[in-house]
Amino acid sequence: MPGPSSQTFQMKTILVLNGPNLNLLGTREPAQYGHDTLPDVERLCAEAGAKLGVAIECRQTNHEGALVDWLHEAGREVAAGRMLGVVLNAGAYTHTSVALHDAIKGASVPVIELHISNVHAREAFRHHSFISPAARGIIVGLGVKGYALAIEALTQL
Ligand code: CA2
């Protein structure tokens with residue numbers, strides 16, 4: 001048992017948040033999002049984290065307020081030195097949510113905004129993001145491999 005003065009190594013965590021409808025990945029629209037399911041994506045993230053020596057925690061919700069709460073929680077974890085930041089695919093809330101913009105700013109949490117598809121090559125309503133001005137970086141259109149790239153980016157900031 002380590003004594004009170006000894007230091008123990010604590011692996012840092014990256015939180016991967018997926019928003020509305022991403023639980024449907026792999027079931028429809030493969031031309032847009034590929035064939036991988038959400039569990040496949042979460043496995044890919046865990047593997048990327050293992051290679052980089054960071055713990056990965058994945059969560060998905062269809063509810064905007066849950067994403068706000070989780071960003072606040074992440075901000076506290078980052079401030080405590082236990083978390084590096086968040087990979088956020090906010091789904092359609094990307095294009096609508098001032099609340100998510102404010103949550104990222106308010107929590108002072110490093111966020112990599114991620115989109116599986118190239119939103120800029122799609123409908124005009126997907127071209128604007130409320131997340132982007134608050135994000136540390138953005139990964140768009142590289143398929144689900146973008147999640148691994150976003151995790152690596154957070155380890156190097
Ligand atoms: O490209 C992305 O990752 C998006 O964030 C995905 C969102 C979309 O609203 C954004 O504009 C871009 C949609 C996720 C819904 O995914 C589905 C997957 C399979 C079937 C239906 C929806």
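Summarised in this report is the structure supplied together with it.

What counts, and at which threshold
- Residues numbered from 1 in each chain as written.
- Predicted model: local features only at pLDDT ≥ 70, side-chain atom pairs only at ≥ 80, totals over all residues.
- Heavy atoms only, no water.
- Helix = DSSP H or I, 4+ residues; strand = E, 2+ residues; numbered from the N terminus.
- Rg over C-alpha atoms; globule rule 2.2 N^0.38 Å.
- Buried < 20%, exposed > 50% of the residue type's maximum accessible area, 1.4 Å probe, protein only.
- Contact = heavy atoms within 4.5 Å.
- Areas by Shrake-Rupley, 256 points an atom, 1.4 Å probe, with all protein chains shown as cover.
- Lys, Arg positive; Asp, Glu negative; His and termini not counted.
- Charge placed at Lys NZ, Arg CZ, Asp CG, Glu CD.
- Pairing = 2+ DSSP bridges.
- Axes fitted to C-alpha atoms, helices over the stretch in contact; angles between N-to-C directions.
- Near = heavy atom within 4 Å.
- Polar contact = N/O pair within 3.5 Å; in protein donor to acceptor, adjacent residues only side chain to side chain.
- Nonpolar A, V, L, I, M, F, W, Y, C, P; charged D, E, K, R; others polar.
- Parallel < 35°, antiparallel > 145°, perpendicular 65-115°, else oblique.
- Expected span 1.5 Å × (residues − 1).
- Arc of directions from axis to C-beta.

For the rest of this paragraph, the subject is the overall build of the protein chain. What the protein chain contains, in helices and strands, is five helices and five strands. The N-to-C order of helical and strand elements in the protein chain reads β-α-α-β-α-β-α-β-β-α. The globule rule puts the C-alpha radius of gyration for 157 residues at 15 Å, and the 16 Å found for the protein chain is close to it. Along the longest, intermediate and shortest principal axes, the C-alpha atoms of the protein chain span 60 × 30 × 25 Å. Burial analysis of the protein chain (157 residues in total) assigns 41% to the buried set. Partitioning the intrachain contacts of the protein chain with sequence separation of at least 6 by distance along the chain shows that 78% fall at a separation of at least 24. Summing over all exposed atoms, the protein chain offers an accessible surface of approximately 8300 Å²; the carbon and sulfur share of this is 53%. Taking the average place of the 12 positive charges on the side chains of the protein chain and the average place of its 14 negative ones, the gap between the two points comes to 4 Å.

Here we come to unusual backbone geometry. A positive phi angle, near 55 degrees, is found at Glu-29, a position not held by glycine. Owing to a relative accessible area of 43%, Glu-29 belongs among the partly exposed residues under this scheme.

Remark on secondary structure: sheet strands pair via backbone hydrogen bonds, oriented parallel or antiparallel. Across the sheet, which stays open at both edges, the five strands sit in the order E2-E1-E3-E4-E5 with parallel pairing between neighbours. Edge positions in the open sheet fall to strand E2 (55-60) and strand E5 (137-140), since each of these has one partner strand only. The average undirected angle you get between the axes of adjacent strands in this sheet is 20 degrees. For strand E1 (residues 13-18) and E2, the ladder comprises six bridges, and the chain directions are parallel. Note on E2: the bridge partner recorded for Leu-15 is Glu-57.

With that settled, consider the site of the ligand. In the vicinity of the ligand lie 16 residues, with Asn-89, His-95, Ile-116, Ser-117 and Arg-126 positioned nearest. One nitrogen or oxygen atom from the side chain of Asn-89 is found 2.8 Å from an oxygen atom belonging to the ligand. Residue composition of the shell around the ligand, by class: seven nonpolar, six polar and three charged.

Look at helix H3 (residues 64-79) against helix H4 (residues 98-107): their axes get within 8 Å of each other, and the N-to-C directions meet at 10 degrees. As judged from the angle between their axes, H3 and H4 are roughly parallel. Here Glu-64, Leu-67, Val-68, Leu-71, His-72 and Gly-75 of H3 come into contact with H4, specifically with Ala-99, Leu-100, Ala-103, Ile-104 and Ala-107.

Our focus in this paragraph is helix H2 (residues 38-52). When the terminal C-alpha atoms of H2 are compared, their 21 Å separation across 15 residues agrees well with the 21 Å that a helix rising 1.5 Å per residue should span. Of all the positions in H2, only Leu-38, Val-41, Cys-45, Ala-48 and Gly-49 are classed as buried. Projection of H2 onto a plane perpendicular to its axis shows the buried side chains occupying an angular sector of 100 degrees, all on one side. Of the exposed residues in H2, those oriented more than 90 degrees away from the buried face are Ala-50 and Lys-51. Against the buried residues of H2 lie E1, E2 and helix H5 (145-156).

Those residues of H4 not exposed but buried are Leu-100, His-101, Ala-103, Ile-104 and Ala-107. Looking straight down H4, one finds its buried side chains confined to an arc of 165 degrees; they lie on one side. Of the exposed residues in H4, the ones pointing more than 90 degrees away from its buried face are Lys-105 and Gly-106. The inward-facing, buried residues of H4 contact H3, strand E3 (83-89) and strand E4 (111-115). N-capping of H4 is provided by Ser-97, with a side-chain oxygen placed 3.4 Å from the backbone N of Ala-99. Directly beyond the C-terminal end of H4, a positive phi value near 50 degrees is found at Ser-108.

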